[in-house]
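Summary of the model geometry
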Amino acid sequence: MYALNYQRAKSLDEAVKLLAAEPEAKLMAGGQTLIPTLKARLAQPSHLIDLGRVAELKGIEVKDGVLSVGAMSKHYEVMTSAVVQKAIPGLANMASLIGDLQVRNMGTMGGSIANNDPAADYPAGVLAHNVTIVTNKREIKADDYFQGMFATALEEGEIITKLLWPVPKKSVYAKFEHPASGYAMAGVCIAQLADGSVRVGVTGAGSSGAFRWTEAEEALAKSFSLKALEGLKVDPETCLGDLHAPAEYRAHLVGVMAKRALEKML
Amino acid sequence: MSKIEMTVNGKKVAGEAEDRTLLVNFLRDNLGLTGTHVGCDTSQCGCCTIHLNGDAIKSCAMLAIQAEGADIVTIEGMAKGPKGEERLHPVQQAFTECHGLQCGFCTPGMIMTSAAILKQNPDPSEQDIIKGLHGNLCRCTGYVNIVKSVKRAAELTRGGA
């Protein structure tokens, strides 16, 4: 990678100051996407601000029907947390499907959501659960957050501090893994929220990143059954086609994974 | 360049490195611990796997300076019995017994990850092992004997003979 300057933030305040001080600085969370990106010379930040030891960004707790996950919570912590397993077992399962054992020991929820990889798992969950992304500046609702592949609503100097997951009645995530990388070729998260509404978040398949499958949401709201999903198709025009799969196949996979997720909920 | 200090295999060590120096290169070049390997350099193969503060991580996906002050164990530190005597770790013993390697390039990483799997799950099923090793690639063995080795290691750790 290109030469850079490493800075370790000891607090959120310090991270904000360090970020403001250097226009070409980048934040580092788990580094599981960032470091490989830097090694490939696809980015050239002047400074790397390590959030790894900022205690304020950690912590997982449930309060008033909302699961709060600190941005620097590792996938391994989310997966094994008794609090998460009790409140949102679908989220614990989702975390267990990310990357591999080593990646889960470093990668974080905040880092993943800030990056918004179109094949990352958490975005499907964030959309399905109507998560609120809390930053050092404001709160952003899930529907306003994702702006396309690798693009988010985060502004300059904005740092995700925690993610608020309203505890649903039930939620399941089903993913069709790429056989080599394990990334989602289509990942569908269905959540039945506390108020009874249904949301369907899809990752891996869209040409602009994660999206809500509103047609499926409407059908499931009328009838929460496999029959409701029959015949529903995602428009291949909105899906990603690349060397791994044509758009039509990804569109097809969304339907299959939606059914598999729903089967686990019935 | 800065001086980076950490504990590796029970000993306090230090080395001079640039901020961009990867942990794997710090271990190999600065500390001469070449048992940890650089395989794919794209964070997929797991040849670089070490234990950092008790967790298995890929040392090619981390900066040395990120690991400052950490407690690191590499493959060189695994052959240590409970009283500090030199003795193959049960995972190493099992890989020997079950022929869990051919060229040996992936093996240090396989052993470090396998030890991590067993720490979490002392009696893993074949599926648990296969899932746990998802981040470690082998080009020689076809994985069959590697999975057998981890099963055998679980037995040995539980006090089996």
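Residues numbered from 1 in each chain as written. Chains lettered and ligands numbered in written order. Predicted model: local features only at pLDDT ≥ 70, side-chain atom pairs only at ≥ 80, totals over all residues.

**Quick look at the overall build of chain A**
- A count of helical and extended segments in chain A gives 12 helices and 12 strands.
- With the C-alpha coordinates aligned to their principal axes, the bounding extent of chain A is approximately 55 × 45 × 30 Å.
- Of all 266 residues assigned to chain A, the portion counted as buried reaches 49%.
- Here the contacts in chain A between residues at least 6 apart in sequence split such that 62% fall between residues at least 24 apart. (Helix = DSSP H or I, 4+ residues; strand = E, 2+ residues; numbered from the N terminus. Buried ≥ 20, exposed ≤ 12 C-beta atoms within 10 Å, placed from the backbone. Contact = placed C-beta atoms within 7 Å.)

**Re helix H12 (residues 247-265) of chain A**
Residues and elements named next belong to chain A.
- Here H12 spans 28 Å end to end across 19 residues, near enough to the 27 Å set by a 1.5 Å rise per residue.
- All of the buried residues along H12 are Arg250, Ala251, Leu253, Val254, Gly255, Met257, Ala258, Ala261 and Leu262.
- The elements touched by buried residues of H12 are strand S9 (170-177), strand S10 (184-192), strand S11 (198-203), helix H10 (214-222) and helix H11 (226-229). (Expected span 1.5 Å × (residues − 1).)

**Quick word on the sheet that holds S10(A)**
All names here are of chain A.
- Spatial ordering of the open sheet is given by S9-S10-S11-S12, a layout of four strands whose pairing is antiparallel. Strands with a single pairing partner mark the edges of an open sheet, and in this sheet they are S9 and strand S12 (211-212).
- In this structure, S9 lies alongside S10, joined through eight bridges in antiparallel fashion. Following the sheet pairing, alanine 174 is matched in S10 by valine 188.
- Sitting on the sheet, H10 is in contact with S11 and S12, with an inclination near 150° to S11. (Pairing = 2+ DSSP bridges. Axes fitted to C-alpha atoms, helices over the stretch in contact; angles between N-to-C directions.)

**Observations regarding the domain arrangement of chain B**
All names here are of chain B.
- When cut into domains, chain B gives domain 1 (2-77) and domain 2 (90-157).
- Computed from C-alpha coordinates alone, the two centres of domain 1 and domain 2 are separated by 21 Å.
- Tallying the contact residues gives 14 residues for domain 1 and 11 residues for domain 2.
- Ranked by residue count, the leading element in the side of domain 1 that touches domain 2 is strand S3 (residues 49-52), at three residues.
- Grouping the constituent residues of the side of domain 1 that touches domain 2 by class yields six nonpolar, eight polar and no charged. (Domains from an automatic or database assignment. Nonpolar A, V, L, I, M, F, W, Y, C, P; charged D, E, K, R; others polar.)

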